Amino acid sequence: MDYNFNEIEKKWQQYWKDNNTYKVDIDESKPKFYVLDMFPYPSGAGLHVGHPLGYIASDIYARYKRQRGFNVLHPMGYDAYGLPAEQYAIKTGQHPEITTNQNIKRYREQLEKIGFCYDWDREVRTCEPGYYKWTQWAFLQMFKSYYNTELDKARPIDELVAYFEKNGSEGCNAHTSANVEFTADEWNAMTNAERSQMLMNYRIAYLGNTMVNWCPKLGTVLANDEVSEGLSVRGGYPVEQKVMRQWCLRVSAYAGRLLRDLDTIEWSESIKETQKNWIGYSEGAEMLFPIVGSDEQLLIFTTRADTIFGVTFMVLAPESEYVEQVVTPEQRAAVDAYLDEVKHKTERERMIEKKVSGVFSGSYALNPVTGKEIPIYISDYVLAGYGTGAIMAVPAHDSRDYAFARHFDLPIIPLIEGADVSEESFDAKDGIMMNSSNERLQLNGLQVKDAIAKTKEYIAEAGIGKVKVNYRLRDAIFSRQRYWGEPFPIYYDEDGQPQPLDESELPLQLPEVDKFLPTETGEPPLGRAKNWVAANGRPLELNTMPGFAGSSAYYLRYMDPHNDNALVSKEADEYWRQVDLYVGGTEHATGHLIYSRFWNKFLYDYGYVCEPEPFRKLVNQGMIQGRSNFVYRIKDTNTFVSYNLKNDYDTTQIHVDINLVENDILDVEAFKAWSPEYANAEFVLENGKYICGWAIEKMSKSMYNVVNPDDIVERFGADTLRLYEMFLGPVEASKPWDPNNIGGVSRFLKRLWGLFFKGDEMQLVDEKPSAEALKSIHKLIKKVTQDIEQFSYNTSVAAFMICVNELSTMKCKAKSVYRDLVVLLSPFAPHIAEELWHVLGEQGTVCDAQWPQWNEDYLKESVVKYTVLFNGKPRFNIEVPAGTAQDEVQAQALAHEGAARWLDGKQPKKVIVVPNKIVNVVV
RNA sequence: GCGCCUGUGGCGAAAUUGGUAGACGCGCUAGACUUAGGAUCUAGUAACGCAAGUUGUGUAGGUUCGAGUCCUAUCAGGCGCACCA
């Protein structure tokens, strides 16, 4: 009987569906385990073979854990809001919901063919009202909260209001970005609108005037992680810096906890490192520099307090609030011209130019330690968003200050012995201080490290500053000027102030619009909706939430997906707690994985969830790249040149569909039929063939190198696809899809199948397995068990191949051996395992079979061989009967005896037995 | 510039964590079988050499009886952050 994978796979997929095999419920009698994949955005292109890589790895783990007696939650869903569906809608007028649902249907079909053990009853879609109700709900909780820096957690905003009524802002422990102070009387005298505006400085979800990344081409603002090198990550359009009034999330309040708690989770070092960089912890000092002829002082941040004696000028960011206070009338024109110039440059232009620019403000500041007057400049190399937007410049020991000083011919005072600052600055935090003592502070002779500590102490004592920790992490910009996203549960009152909807009004459903474009007056698409008002008749917010809103808490929703009264019930949360294993790509390191952690911590502060971290262990699967093929067209002709002849002509490289190419040889007729453009193409061949060029690139529709998993399933079966993807290499590694290797895995399954049958008869019998068969299978049990725990699936597949070869060679027919083999194989190749499970006459499904245990006794050798080395060189072998821990002692005695014989009776100096069957003798 | 990771056959990769480097698969070579297939089976396959043997884990040192593995330096590739004070 042949291995008919198509029939088997269809049959068992149907069986699993009919019997709800993968449905899971809370079961207090079993320990839980939560295995999660990052849910996909359902794009129009469908799945390619790269997508399932992580899904297969997690599926294996989920099935394995289930067989080890765990109650495993393994759900799947869709991140359904996204730009492509919206842009398609703008182009065609088709509602993005229709496109999205079509794509979801396709994804589901593709996923089902691969045989994952998802509990589809728990599927979530971020664009469904029943789901986004809870996205909106979480937003409302954030709107109604502030961050208490003393308790280090979120608290109701009402508590802050009560505090303001009694004490004003004095001594208030609330995280804020604004430097405002007011008394209780002032607070109580404010109008409602004024109070509402003031509270925006404290709310965790707030409407703020912030510098945003504005992408004119996309017509929307973007979060920092959606921008790379001044271009939008999606689309690659230029991004400008612009002050706009936008919804933001006070992620920065959580910077410390986001950083600290990284130590409590099992993530790869590289992704933790990426998050650490993104959060950007930096310990330094804030210092006050009095402005000459003014009562105002400049507050600056520095990590190099020790260099205070080398400060020769100050610099303000162009957007700094201090600018207005320091510009003198004489310098007004020059400053305005500079500010105007800076404003019209995009961030990308600023980065590319890297030219030193700036302008003198006209004012001077007083160095609080030396008492010297130093000029205040304005320059865009100082960023408004970091620290205080103002710095003390130490050109001798900071390369940026150095460049600025050289350009404006400002003095440079070296502070470290032996540092040569004639050509460049000396930035290292290393060396002995000099030029750094006066009657107030003496740093000369100290190491830099000690000088920093001493200066910090001094400035605190002298009252000119304080020790301060700064984070680079900024608040997340949370509104988008788009249609296809969650509406905000916010209306605007008579004063134009945003107010929360009542929770009973949730979900606030996305309204219908006639077009998916901004309005003629430049408002977001929701401005087109008719009757877009709250229950009280007031107008609703027109922005929608960004992509990461819906994906920030989806792992919680899977725990209790149909609950209409809570995001997740207490019972479900306390049972499932957190994701034990999360599998997904590294591209979300600074986006989703930060936002989710933030969101979870916020919910944790109120006790809505019981774990401070959402994802205990994270595995990042690599990308599967495509292998693209190229043809070479001679410029301005319709003639194509074979790869090795292309250098004789002036050619253009063109991607060609890999389905038209076999072993880099182009099927020229198929190529002509591919597109009307090529119907009359002519070819310059080599040896009668057209050879294509190739490259390893990202798998993408536009490069015509996409391999569809459906085709592989059709030709080789889902089990082969699963085994093959695991066999390619470590899950974490990126690797190109190489269709050649698949034959080996396919052959392995056929060979395994062949062991069960003689002709059409099942040939296995109930007999006692031989010692060597037991050894072979127990070796496999041990290997596979350990490999799965370590995600080393590629070596597991190799071990299966070895075992099957051994069983085949020894003609093993004992059912009990194959029963264990089938159970071991079932996480990797569930369909064939299920079929063979029933061929063996077993009941139930193999998913519920208990995972076998290995017995070390079967693995022991009867005789242990030792190689005796003299000073590392092999001399002779000895054999010791195996059995107990005694064999090492025996080996030592035997080796000693043997060595003495070899050395003509001379005793060896030392005999070392190492546990891997080698005895080393020192002579 | 700062930080992190990775360097092993023709290729994807293993190596029980310091103990016979290259498991397993692809590819390749030779052969067998056959109703000629997108087959299957057997043997071989790190390099050099007819051999015994020698050399081999990016490079150079070091520790050790013994190093792919540990230490130091260096080179190459990948990723992240980047006028972040």
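The numbering scheme is per chain: residues are counted from 1 as the chain's sequence reads. Chain letters and ligand numbers both follow the written order, the letters beginning at A and the numbers at 1. Local features in this predicted model are restricted to residues whose pLDDT is 70 or higher, and side-chain atom pairs enter the listing and the counts only when it is 80 or higher, whereas totals over whole chains, interfaces and linings include all residues. Only hydrogens and water are set aside; all other atoms, that is, all heavy atoms of the structure, feed into the side-chain values.

**Focus on the nonpolar core**
Move 1: W247, L249, F478, F756, Y793 and F828 are the most contacted members of the largest nonpolar core, which totals 188 residues.
Move 2: A run of H or I in DSSP counts as a helix once it spans at least four residues, and a run of E counts as a strand once it spans at least two, with each numbered from the N terminus. When residues of this core are assigned to their parent elements, the largest contribution, nine residues, is made by helix α5 (residues 129-143).
Move 3: Core analysis: the next-biggest nonpolar cluster, separate from the first, contains 40 residues, V323, V326, M392 and I459 among them. To define a nonpolar core, start from buried Ala, Val, Leu, Ile, Met, Phe, Trp, Tyr and Cys residues and group those joined through side-chain atoms within 4.5 Å. Only protein chains enter the area calculation, which uses a 1.4 Å probe; residues under 20% of their type maximum are buried, those over 50% are exposed, and those in between are partly exposed.

**A word on helix α24 (residues 771-789)**
Move 1: What a helix is expected to span follows from its residue count: subtract one and scale by 1.5 Å. Its 19 residues give α24 an end-to-end C-alpha distance of 27 Å, which sits within 8% of 27 Å, the value for a rise of 1.5 Å per residue.
Move 2: When α24 is considered as a whole, its buried residues turn out to be A773, L774, S776, I777, H778, L780, I781, V784, T785, D787 and I788.
Move 3: Working rule for contacts: check all heavy atoms of both residues, and any pair within 4.5 Å makes them a contact. Looking at the buried positions of α24, the neighbouring elements they touch are α2 (52-67), α25 (793-809), α26 (815-825) and α28 (856-859).
Move 4: F791, located one to two residues past α24, shows a positive phi value of around 60 degrees.

**Thoughts on the sheet that holds strand β17 (residues 476-477)**
Move 1: At least two DSSP bridges between two strands are required for those strands to pair. Strand order in this open sheet of four strands is β6-β5-β9-β17, and the pairing throughout is antiparallel. Because the sheet does not close on itself, it has two edges, and the strands there are β6 (220-222) and β17.
Move 2: The sheet contact formed by strand β5 (residues 205-215) and β6 spans three bridges and is antiparallel. Note on β6: the bridge partner recorded for N213 is L222.

**So, the pattern of salt bridges**
Move 1: A side-chain nitrogen of Lys or Arg and a carboxyl oxygen of Asp or Glu constitute a salt bridge if their distance falls within 4 Å. Evaluation of the coordinates by the stated rule reveals 40 salt bridges.
Move 2: For R528, the salt bridge identified is with E520, shortest N-O distance 3.8 Å.
Move 3: With a relative accessible area of 70%, E520 lands in the exposed category.
Move 4: The residue D580 makes a salt bridge to R616 at a minimum N-O spacing of 3.4 Å. Placement of the pair is D580 in strand β20 (residues 579-584) and R616 in strand β21 (residues 615-620), with a sequence separation of 36 residues.
Move 5: D580 gets classed as buried once you look at its relative accessible area, which sits at 7%.
Move 6: One network of salt bridges, in which partners are shared, links K17, R108, E112, E123 and R125.

**Comments concerning the state of the cysteines**
Here, disulfide denotes a covalent bond that connects the sulfur atoms of two cysteines.
Move 1: The disulfide definition used here is simple: a pair of cysteine sulfur atoms within 2.5 Å. Taken as a whole and judged by the stated rule, the model has zero disulfides.
Move 2: Between C847, a cysteine without a disulfide, and C117, which holds the nearest cysteine sulfur, the sulfur-to-sulfur distance is 7.4 Å.
Move 3: Overall, C847 belongs to the buried group, its relative accessible area being 6%.

**Topic: helix α21 (residues 709-716)**
Move 1: Within α21 the residues assigned to the buried category are P709, D710, I712, V713 and F716. Summarising the axial view, the buried residues of α21 lie within an arc of 165 degrees, below the 170-degree limit, and thus occupy one face. Seen from the open side of α21, the exposed residues pointing more than 90 degrees away from its buried face are E714 and R715.
Move 2: Lining the buried residues of α21 we find α1 (5-18), α4 (96-113), α22 (718-727) and α23 (742-756).
Move 3: Any N or O atom pair separated by 3.5 Å or less is treated as a polar contact, with the protein-specific requirement of one donor-capable and one acceptor-capable atom, and with residues adjacent in sequence counted only for side-chain atom pairs. The backbone nitrogen of D710 lies 2.7 Å from a side-chain oxygen of the residue at the head of α21, namely N708. Note: the arc covers the axis-to-C-beta directions of the helix.

**Structural notes on the packing of α5 against helix α19 (residues 592-605)**
Move 1: It is at 11 Å that the axes of α5 and α19 come closest, and there the two elements cross at 65 degrees. As far as their axial angle goes, α19 and α5 are roughly perpendicular. With respect to the hand of their crossing, α5 and α19 are arranged in left-handed fashion. In this structure, α5 uses T135, W137, A138, Q141 and M142 to contact α19, whose residues at the interface are F598, W599, F602 and L603. Only the stretch in contact is used when fitting a helix axis, every axis being a line fitted to C-alpha atoms; angles between N-to-C directions are given from 0 to 180 degrees. For classification, angles of less than 35 degrees are called roughly parallel, those exceeding 145 degrees roughly antiparallel, those between 65 and 115 degrees roughly perpendicular, and all remaining angles oblique. The sense of a crossing depends on the near helix, which, turned anticlockwise from the far helix by less than a right angle, makes the crossing left-handed and, turned clockwise, makes it right-handed.

**Quick word on unusual backbone geometry**
Move 1: Cis rather than trans, the peptide bond between L506 and P507 has omega equal to -5 degrees.
Move 2: As for its position among the elements, P507 is in the loop between β19 (498-500) and α16 (547-551).
Move 3: Phi is positive for Y704, which is not a glycine, with a value near 55 degrees.
Move 4: As for its placement among the helices and strands, Y704 is situated in the loop between β28 (693-697) and α21.
Move 5: A residue is classified by how much of its surface remains accessible, and Y704, at 37% relative accessible area, is partly exposed.

**Observations regarding the packing of aromatic side chains**
Move 1: Paired rings are identified among Phe, Tyr and Trp, the last through its six-membered ring, by centres lying within 6.5 Å, and are further divided according to the angle between planes into stacked (under 30 degrees), edge-to-face (over 60) and tilted (the rest). For the coordinates displayed, the defined rule picks out 64 aromatic pairs.
Move 2: With 5.8 Å between their ring centres and 5 degrees between their planes, F139 and F478 make a pair best called stacked. Residue F139 is found in helix α5, and its partner F478 is found in the loop between β17 and β18 (490-492); the two are separated by 339 residues along the sequence.
Move 3: By relative accessible area, which is 0% here, F139 ends up buried.
Move 4: A residue is classified by how much of its surface remains accessible, and F478, at 0% relative accessible area, is buried.
Move 5: Considering the side-chain rings of F164 and W187, the 5.0 Å spacing of their centres and the 55 degrees angle between planes classify their relative orientation as tilted. Of this pair, F164 sits in helix α6 (residues 157-167) while W187 sits in helix α7 (residues 184-189); the two residues are 23 residues apart in sequence, bridging distant segments of the chain.

**Brief notes about the sheet that holds strand β2 (residues 71-73)**
Move 1: Taking strand neighbours across the sheet as the criterion, the four strands line up as β2-β1-β20-β21 in an open arrangement whose pairing is parallel. The two strands at the open ends of the sheet, each matched to only one other strand, are β2 and β21. This sheet shows a mean twist of 20 degrees between the axes of neighbouring strands, independent of strand direction.
Move 2: Note: β20 against β21, five bridges, orientation parallel. Looking across to β21, one finds that V583 is bridged to V619.
Move 3: Across the sheet, α19 is in contact with β20 and β21; its angle to β21 comes to roughly 175 degrees.

**A few points about a negative patch on the surface**
Move 1: Side chains of D420, E423, E424 and D427 sit close together on the surface and give a patch of like negative charge.
Move 2: Secondary-structure assignment places D420 in the loop between α14 (399-408) and α15 (448-462). Candidate patch residues must exceed 30% relative accessible area and have no salt bridge, after which like charges are joined if within 9 Å and Val, Leu, Ile, Met, Phe, Trp or Tyr side chains if within 5 Å. Residue exposure ignores everything except the shown protein chains as possible cover, and the areas themselves are Shrake-Rupley values with a 1.4 Å probe. Here Asp and Glu are counted as negative and Lys and Arg as positive; His is not counted, and neither are the chain ends. For this purpose, a charge sits on NZ of Lys, CZ of Arg, CG of Asp or CD of Glu.

Nothing here speaks to function; it is all geometry.
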